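Report on the structure
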Amino acid sequence: GCGGTDVTGNANVIGKVVVFGDTDCDGVVDAGELPIDIAYNGVGEAGGVMDKIDGHLRYNLNTKKLPQTLKCYILQVTVMDSSTGESRVEIVPLQAK
């Protein structure tokens, strides 16, 4: 139902980001690893909702709010069409410098 790559054309498309620590920096969420509560934009609950801007789902993450004890993080990004239940999950590694 999306017009090309323009997700803003479909009101049912929503996105969510959840952040996990990756203690061994292997790009995989550690077994039993709990989400980090990033409390962005007042959303909290270990994640946040992405906004639809210029045909894209965008999410701003303030990396300075992530725990300084970790060097690597995993962003679990879920995009879903709430009308059909179809969803896609992607894992994005993030390394602090």
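Residues numbered from 1 in each chain as written. Predicted model: local features only at pLDDT ≥ 70, side-chain atom pairs only at ≥ 80, totals over all residues. Heavy atoms only, no water.

1. What to know about the nonpolar core
Formed by Val 13, Val 17, Val 19, Ile 36, Met 50, Leu 57, Tyr 59, Leu 66, Leu 70, Tyr 73, Leu 75 and Val 77, the largest nonpolar core amounts to twelve residues. Those elements that provide at least two residues to this core are strand E1 (13–21) and strand E6 (72–81). With sequence-adjacent residues up to four places away left out, Leu 70 is seen in contact with Gly 21, Thr 23, Ile 36 and Ala 96. (Core = buried A, V, L, I, M, F, W, Y, C linked by side-chain atoms within 4.5 Å. Buried < 20%, exposed > 50% of the residue type's maximum accessible area, 1.4 Å probe, protein only. Helix = DSSP H or I, 4+ residues; strand = E, 2+ residues; numbered from the N terminus. Contact = heavy atoms within 4.5 Å.)

2. Details of the side chain of Asp 81
Within the secondary structure, Asp 81 is located in strand E6. Owing to a relative accessible area of 11%, Asp 81 belongs among the buried residues under this scheme. Polar side-chain contacts of Asp 81 include one of 2.5 Å to the side chain of Ser 83. (Polar contact = N/O pair within 3.5 Å; in protein donor to acceptor, adjacent residues only side chain to side chain.)

3. Considering the state of the cysteines
Throughout the structure, instances matching the rule amount to one disulfide. The side chain of Cys 25 participates in a disulfide bridge whose partner is Cys 72; the two sulfur atoms lie 2.0 Å from each other. Looking down the S-S bond of the Cys 25 and Cys 72 bridge, the torsion is 100°, so its handedness is right-handed. Linking Cys 25 in the loop between E1 and strand E2 (35–36) with Cys 72 in strand E6, this pair joins segments that are 47 residues apart in sequence. For Cys 25, a relative accessible area of 35% puts it in the partly exposed group. (Disulfide = S-S within 2.5 Å.)

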